[in-house]
Amino acid sequence: MGIRITGTGLYHPEEVITNEELVESLNAYVEQFNSENAEKIASGEVTARRGSSAEFIEKASGVKSRYVIEKSGVLDINRLRPRLEERSEDELSIQAEWGVIAAKQAMENAGVTAEDIDVVILACSNMQRAYPAVAIEIQTALGIQGYAYDMNVACSAATFGLKQAYDAVKTGARRVLLVNVEITSGHTDYRSRDCHFIFGDVATASIIEETTTKTGFEIVDTHLFTQFSNNIRNNFGFLNSSELTSRDDKQFRQDGRKVFKEVCPLVAKIITKQLEKNQIQAEDIKRFWLHQANANMNELILKLVVGREVAEADPALVPIILDEFANTSSAGVIIALHRTADQVNDGEYGVLCSFGAGYSVGSILVQKHVV
């Protein structure tokens, strides 16, 4: 009996922001900010903000557009964040609502019902609230018994969640529903040239179960790794209300150059060691479903793992969905799997590998079985 991913689901909002729209908004904000602070900028008290271009964004990241929960507020230069109405406690939260939609699709694709599931895990970068767990809200909305919990390992949350799901099934759970809901526009600093373009909003879900009678991806091996770094950080938290705080560090921020330089070789090393451990050659991997943060990072990681010639000859080895979705944090690897699972044949191997704040790296070696 193998523990397999037997169904996945994907939900994204309808509203889309292109690079061109985002740049127009940023540049208008920058012009207004620099004009209002001209004297302080001239005296050195304030640093002038910089504009951008759609060409720069695509070259730097590979991102062309992103789905967002609410567009007008993000593009309003006097707001630069989504306009959302607070829901009553009797209503389903936004994060739970999206999770339920993606979950129903994954359940249908796996051929299971609420009665077949014992565990629900919501694994993502940001939870809508501290408690009660949004996972329990999703569990209740779907009518699932058993238990549920939230977990956060930033952009690696999905692969870490797959490991927890695998362990749960291995120790007696029949099936696990893993949900990744990333409403990243809530923590993006749309005033910043360096990160205003990075993220998009989405929800994914996966069913993990032990079976020999369903087509799916058997989890062959898991490797999790963490190492503390401040290069990706967000200081938003429940203690903020007791402090005198500014907005600047309560949203996503990163030192992108350091992240690129330090994370790419680290990820490549972990994948290579995992393949060696399982006596599998890099050329035997049909697809590397890597974290969808930056196309240039994924290109470099692929070159380090399979060699430059192979990587350049077959760029499809690393499916890219971030051009449409942007960086969807934990959900990116699941979207890539969901969109390209049919490109892998019976018996072929794939690697799901995510990486992000922590630093955290999760690598899941899978083998497809068609029945």
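Within an unreviewed UniProt entry, the label attached to the protein chain reads Beta-ketoacyl-ACP synthase III, and the organism entered is Acinetobacter defluvii.

Engineer: A description of the packing of helix α1 (residues 19-36) against helix α3 (residues 54-61) should follow, citing residues and the corresponding values.
Structural biologist: Where α1 contacts α3, the two axes come as close as 8 Å, and the packing angle between them is 120°. Our classification of the angle between α1 and α3 gives oblique. Between α1 and α3 lies a crossing whose hand is right-handed. Contacts between α1 and α3 pair Asn19, Glu20 and Val23 from the former with Ala54, Ile57 and Glu58 from the latter.

Engineer: Residues and numbers for a negative patch on the surface, please.
Structural biologist: A contiguous patch of negative charge on the surface is contributed by Glu86, Glu89, Asp90 and Glu91. Counting through the fold element by element, Glu91 comes out in the loop between α4 (71-75) and α5 (94-110). For Glu91, a relative accessible area of 44% corresponds to the partly exposed category.

Engineer: I'd like to hear about the pattern of salt bridges, residue by residue, with values.
Structural biologist: By the definition in use, this model includes 18 salt bridges. With a closest N to O distance of 2.8 Å, Asp118 and Arg174 form a salt bridge. With a gap of 56 residues between them, Asp118 in the loop between α5 and β4 (119-123) and Arg174 in the loop between α7 (157-170) and β6 (175-183) connect regions that are remote in the sequence. Note on Arg174: relative accessible area 41%, which makes it partly exposed.

Engineer: Hey, could you go over the nonpolar core for me, with residue numbers and the actual values?
Structural biologist: Ile208, Phe217, Trp289 and Leu352 are the most contacted members of the largest nonpolar core, which has 38 residues in total. At the level of elements, β1 (2-11), β4, α7, β6, β7 (201-211), β8 (216-226), α12 (332-340) and β13 (360-369) are the ones that each hand at least two residues to this core. For this core, the element with the most residues is α7, which contributes eight residues. If near-sequence neighbours (up to four positions away) are discounted, Leu352 is found in contact with Thr159, Trp289, Val333, Ile334, Leu337, Gly362, Ser363, Ile364 and Val366.

Engineer: How would you explain the sheet that holds β1 if you had to name every residue and give the values?
Structural biologist: Strand order in the open sheet formed by nine strands is β5-β4-β6-β7-β1-β8-β13-β12-β11, and the pairing between neighbours is mixed. Two strands lie at the open edges of the sheet, namely β5 (147-151) and β11 (285-290), each paired on one side alone. Ignoring which end each strand starts from, the neighbouring axes of this sheet average 25° apart. Against the sheet, α12 engages β1, β6, β7, β8, β11 and β12 (349-356), with an angle of about 95° to β1.

Engineer: Report on the side chain of Ser330, specifying residues and quantitative values.
Structural biologist: In this structure, Ser330 sits in the loop between α11 (322-325) and α12. Separated by 3.4 Å, the side chain of Ser330 and the backbone oxygen of Ala123 make a polar contact. Residue contacts for Ser330: discarding those within four places in its chain leaves Ala123, Cys124, Ala154, Cys155, Ala157, Ala158, Asn180 and Glu182.

Engineer: Can you lay out the pairing of β13 for me, pointing to particular residues and giving the numbers?
Structural biologist: Counting buried positions along β13 gives ten out of ten residues, so the element sits mostly inside the fold. Where β8 lies against β13, ten bridges are found, and the strand directions are antiparallel. Residue pairing in the sheet places Thr222 in a bridge with Ile364 of β13. Strand direction decides the pairing type here: β12 and β13, joined by eight bridges, are antiparallel. Among the inter-strand pairings, Phe355 is bridged to a residue of β13, identified as Val361. The hairpin turn running from β12 into β13, its antiparallel successor, is three residues long, and Gly358 in that turn takes a positive phi close to 145°.

About the cut-offs
- Residues numbered from 1 in each chain as written.
- Predicted model: local features only at pLDDT ≥ 70, side-chain atom pairs only at ≥ 80, totals over all residues.
- Heavy atoms only, no water.
- Axes fitted to C-alpha atoms, helices over the stretch in contact; angles between N-to-C directions.
- Helix = DSSP H or I, 4+ residues; strand = E, 2+ residues; numbered from the N terminus.
- Parallel < 35°, antiparallel > 145°, perpendicular 65-115°, else oblique.
- Left-handed = near helix turned anticlockwise from the far one by under 90°.
- Contact = heavy atoms within 4.5 Å.
- Patch = residues over 30% accessible without salt bridge, like charges linked within 9 Å, V, L, I, M, F, W, Y side chains within 5 Å.
- Areas by Shrake-Rupley, 256 points an atom, 1.4 Å probe, with all protein chains shown as cover.
- Salt bridge = Lys/Arg side-chain N within 4 Å of Asp/Glu carboxyl O.
- Lys, Arg positive; Asp, Glu negative; His and termini not counted.
- Charge placed at Lys NZ, Arg CZ, Asp CG, Glu CD.
- Buried < 20%, exposed > 50% of the residue type's maximum accessible area, 1.4 Å probe, protein only.
- Core = buried A, V, L, I, M, F, W, Y, C linked by side-chain atoms within 4.5 Å.
- Pairing = 2+ DSSP bridges.
- Polar contact = N/O pair within 3.5 Å; in protein donor to acceptor, adjacent residues only side chain to side chain.

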